Each structure stands twice: as structure tokens, then as C-alpha cells.
Amino acid sequence: MAGSTLEIKDLHVEIEGLEILKGVNLTIKGGEFHAVMGPNGTGKSTLASAVMGHPKYEVTKGSILLDGEDVLEMEVDERAQAGLFLAMQYPSEISGVTTSDFLRSSINSLREEGDEIPLMQFIKKMDETMDYLEIDKNMAQRYLNEGFSGGEKKRNEILQLMMLEPAMAILDEIDSGLDIDALKVVSKGINKMRNEEFGCLIITHYQRLLDYITPDHVHVMMQGRVVKSGGPELAERLEAEGYDWIKEELGIEDETIGQNA
Ligand SMILES: Nc1ncnc2c1ncn2[C@@H]1O[C@H](COP(=O)(O)OP(=O)(O)OP(=O)(O)O)[C@@H](O)[C@H]1O
Ligand SMILES: [Mg+2]
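Keep in mind the model is a prediction, meaning the values are calculated, not measured.

**Here we look at the overall build of the protein**
- The number of helices and strands found in the protein is nine helices and 12 strands.
- Its C-alpha atoms give the protein a radius of gyration of 18 Å, near enough to 18 Å, the size a compact globule of 261 residues would have.
- Each of the three principal axes of the protein carries a C-alpha extent, and together these read 60 × 40 × 35 Å.
- Counting all 261 residues of the protein, 49% fall into the buried class.
- Taking contacts inside the protein between residues at least 6 apart in sequence as the whole, the part at least 24 apart equals 70%.

Pasting the structure below:
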């Protein structure tokens with residue numbers, strides 16, 4: 001198997017009647033790392049939420065296919081079972097559910113009934129992964145994300161990624177709020193996932209993450225569309241020059257969506 005392929009075609013998404021995504025096209029194959037950059041408010045998180053099936057985001061046109069299967073027909077849990085994973089820009093706090101319980105039930109929800117992960121195997125894997133990500137073991141028994149610092153939440157998202165081993169992951173600003181050492185650890189975790197089958201979409205504002213994780217493709221989102229794609233050099237140019245040159249090149253006057261719609 002050569003991994004999964006996620007195909008997003010002419011995706012239009014509305015939130016409460018306002019069109020946010022206006023025809024996104026993006027294909028990610030297993031083994032590839034894609035970075036999506038773009039000014040604030042241009043629909044990057046909306047794209048991530050729409051792929052995962054957040055109920056607030058209404059797909060009005062276009063398609064999302066995973067290995068040819070219609071993702072839009074799937075419930076959120078079915079999307080996860082199909083191999084999709086989202087690390088949210090703002091991870092939710094889940095009071096009353098420990099990180100350990102959350103991870104275990106998440107893993108089991110991806111397995112067949114009657115084929116639950118053996119407890120010892122789970123604990124070993126969690127311990128090893130927490131060591132790898134230099135996460136304090138106490139975190140396993142704390143309620144998920146409750147009272148976690150910004151950086152701890154991001155590290156915990158990568159713990160989930162490494163424990164769940166999805167086929168296709170979207171990481172939304174996984175680098176925001178990380179200190180310099182944490183950025184290295186989080187990058188190390190993402191790079192550990194790299195193999196011929198795993199596909200990844202990394203939403204970021206900064207080149208510094210891409211210094212550690214080299215993307216195969218870089219895309220720029222503006223006004224609810226992917227307006228430019230290239231290689232790692234595109235991210236370097238954005239870091240150096242900002243977005244004005246792309247706006248000029250494409251004749252875009254205002255990158256915000258709300259005002260423009
Ligand atoms: N639940 C919502 N209700 C109303 N408007 C929303 C909602 N979610 C997003 N929007 C609007 O949709 C637009 C795109 O938001 P989105 O979060 O996708 O941007 P983004 O590209 O991820 O920005 P950032 O770089 O700041 O994270 C924004 O104008 C935002 O205000
Ligand atoms: Mg966002």
C-alpha cells in the first residue's frame with residue numbers, strides 16, 4: 001500500500017450563511033508533507049474543520065475524497081476511522097477525561113470491536129511516546145488539556161498523533177505558542193511520523209517550523225482559495241517579503257473574507 005490520498009476539489013464552505021472557502025483545490029498523497037500558509041482569516045482553519053466534519057461548517061459545493069471515498073458522506077467518527085486526524089489550532093479542554101483515558105478510547109475507537117489494545121501494550125506505547133516528546137508523565141492522569149499551558153496542549157496534540165498513527169493528518173498551527181525547545185520536540189515528533197504512507201498538511205505562519213520539517217509542497221491561501229503553490233522556497237520568500245507581492249501578482253486587493261463577501 002502506498003498510503004492514502006486526500007483530494008479536495010473546488011471546496012466551498014459557508015459558516016452561518018457567509019461563504020468562507022470559495023473553491024479550494026488541494027491533493028495530498030501518502031508520503032507527502034504539505035504546508036499551507038496565508039494571512040489571518042483566509043480560511044485555513046475553516047478548511048481543516050470542514051475536512052474533519054465540524055457541524056458548523058456547511059459544504060455548499062465541491063468534494064473531499066479519501067482514497068476515492070466520499071468524506072462528506074461520513075460522520076466525524078467515521079472520518080477518524082477512515083484515517084483522518086486533526087490537531088486543532090485551539091485544542092479543547094475535556095474536563096473529567098484524563099489524557100490517558102482519552103488516548104486509550106481514541107485508539108480503541110479506531111480498532112474493531114473485540115480487538116481493543118491490550119492495557120500493557122497501551123501503557124508501554126504511551127510511556128515511550130511521552131518520553132520521546134519529553135512530556136511529564138503526570139500529564140497522563142490530568143484531564144485532557146485542562147489547565148495545560150499553550151505549549152503543553154500542542155505537545156499533547158503530537159502525543160495523540162503519534163499514538164493514533166493516522167493515515168492523513170492536518171496540523172493547524174501546531175507551532176503556535178511553542179518555546180524554542182518545544183518547537184524542536186514537536187518537530188521531532190512530526191518527522192518521526194514520516195514514511196511512505198503518511199500524508200500531512202501543516203498549517204503555519206512561520207518558516208521557523210519549516211526549518212525543522214521540510215515540506216514537499218507549500219501552498220498559499222488567500223480569500224478562501226489556494227492561490228499559489230510551490231516548493232520550500234515559497235515559504236522562505238513569504239517569510240522574507242510577506243504577502244504583498246502575491247497580492248500584486250494576482251491582483252488581490254484585500255485578503256480578508258468577511259469584508260469581501
Ligand atoms: N464559527 C464562526 N462564525 C463566524 N465566522 C467564522 C467562524 N469561524 C470562522 N469564521 C470566519 O471565517 C474566516 C476564516 O477563519 P479561519 O479561522 O478559517 O481563518 P484562518 O486562515 O485559520 O486564520 P488564522 O491565521 O488567524 O488562524 C474569518 O473571517 C473568521 O472570522
Ligand atoms: Mg486558523
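And the narrative resumes.
**A look at the site of ligand 1**
- The environment of ligand 1 is made up of 15 residues, and the closest members are G41, K44, S45, T46 and H205.
- Here an oxygen atom of ligand 1 sits 2.9 Å away from a polar atom, N or O, in the side chain of N40.
- Taking K44, its side chain carries an N or O atom lying 2.7 Å from an oxygen atom of ligand 1.
- For ligand 1, whose unbound accessible area comes to 630 Å², protein coverage reaches 69%.
- Counting residues per element, the shell around ligand 1 draws most heavily on helix α1 (residues 44-52), at three residues.

**Describing the coordination of the magnesium ion (ligand 2)**
- Each protein donor to the magnesium ion (ligand 2) is listed here as S45 (OG) and Q89 (OE1); together their distances run 2.0 to 2.1 Å. Residue S45 is found in helix α1, and its partner Q89 is found in the loop between β6 (84-87) and β7 (94-98); the two are separated by 44 residues along the sequence.
- According to the relative accessible area criterion, S45 is partly exposed, its value standing at 24%.
- Classification of Q89 as buried rests on a relative accessible area of 16%.

**Side note on the sheet that holds strand β1 (residues 5-15)**
- Taken in spatial order, the four strands line up as β2-β1-β4-β5 in an open sheet, and their pairing is antiparallel. Among the strands making up the open sheet, the edge pair consists of β2 (18-29) and β5 (69-70).
- Where β1 lies against β2, nine bridges are found, and the strand directions are antiparallel. In the strand pairing of β2, T5 is matched with K29.
- Taken strand by strand, α1 contacts β1, β2 and β4 (57-66), and its axis lies near 110 degrees from that of β1.

**Notes on unusual backbone geometry**
- With a phi angle near 65 degrees, N145 is a residue other than glycine that sits in the positive phi range.
- Tracing the sequence through the fold places N145 in the loop between β8 (143-144) and α5 (150-164).
- Even without being glycine, E165 reaches a positive phi, approximately 45 degrees.
- Within the secondary structure layout, E165 lies in the loop between α5 and β9 (168-172).

**A short note on the environment of V97**
- With respect to the helices and strands, V97 occurs in strand β7.
- You can call V97 partly exposed: its relative accessible area is 28%.
- For the pair formed by V97 and Q141, sequence separation is 44 residues and the distance between their alpha carbons is 8.8 Å.
- Residues contacting V97, with those up to four places away along its chain left out, are F102, R142, Y143 and L144.

**Some points on the layout of surface pockets**
- In this model, the largest pocket occupies a volume close to 780 Å³.
- Of all the secondary-structure elements, those providing two or more residues to the lining of the largest pocket are α1, α2 (76-81), β6, α3 (99-109) and α5.
- By residue class, the composition of the lining of the largest pocket is 18 nonpolar, 11 polar and three charged.
- If you go around the second largest pocket, you meet 21 residues; those closest to its centre are M162, L164, E165, P166 and M193.
- At the level of elements, α2, α4 (119-132) and α5 are the ones that each hand at least two residues to the lining of the second largest pocket.

**What about the side chain of R79?**
- You can see R79 is positioned in helix α2.
- With no salt bridge to any partner, buried R79 finds its closest opposite charge in E78, at an N-O distance of 7.0 Å.
- If we skip the residues at most four places from it in the chain, R79 touches A50, V51, M52, G53, V71, L72, M74 and L84.

**Some words on the packing of aromatic side chains**
- According to the stated counting rule, one finds one aromatic pair in the structure shown.
- Consider the rings of F33 and F198, whose centres lie 6.0 Å apart with planes at 80 degrees: the pair is edge-to-face. A residue pair is termed long-range when its members are at least 10 positions apart, and F33 in strand β3 (residues 33-37) and F198 in the loop between α6 (180-192) and β10 (199-203) qualify at 165 residues. When sorted by exposure, F33 lands in the same class as F198, which is buried.
- One residue, K188, lies across the ring of Y132, its end atom 4.3 Å from the ring centre.
- Taking NZ or CZ as reference, R237 lies 3.5 Å from the ring centre of W245, over its face.

Cut-offs applied
- Residues numbered from 1 in each chain as written.
- Chains lettered and ligands numbered in written order.
- Predicted model: local features only at pLDDT ≥ 70, side-chain atom pairs only at ≥ 80, totals over all residues.
- Heavy atoms only, no water.
- Helix = DSSP H or I, 4+ residues; strand = E, 2+ residues; numbered from the N terminus.
- Rg over C-alpha atoms; globule rule 2.2 N^0.38 Å.
- Buried < 20%, exposed > 50% of the residue type's maximum accessible area, 1.4 Å probe, protein only.
- Contact = heavy atoms within 4.5 Å.
- Near = heavy atom within 4 Å.
- Polar contact = N/O pair within 3.5 Å; in protein donor to acceptor, adjacent residues only side chain to side chain.
- Areas by Shrake-Rupley, 256 points an atom, 1.4 Å probe, with all protein chains shown as cover.
- Donors = N, O, S within 2.8 Å, 3.2 Å for Na, K, Ca; no water.
- Pairing = 2+ DSSP bridges.
- Axes fitted to C-alpha atoms, helices over the stretch in contact; angles between N-to-C directions.
- 1 Å grid on protein atoms, 1.4 Å probe; cavity = no way out; pocket = protein on both sides within 12 Å on 5 of 7 lines; lining within 4 Å.
- Points joined across faces, edges and corners; volume = space filled by probe spheres on them.
- Nonpolar A, V, L, I, M, F, W, Y, C, P; charged D, E, K, R; others polar.
- Lys, Arg positive; Asp, Glu negative; His and termini not counted.
- Salt bridge = Lys/Arg side-chain N within 4 Å of Asp/Glu carboxyl O.
- Phe/Tyr/Trp six-rings, centres within 6.5 Å; stacked < 30°, edge-to-face > 60°.
- Lys NZ or Arg CZ within 6 Å of the ring centre and 35° of its normal.

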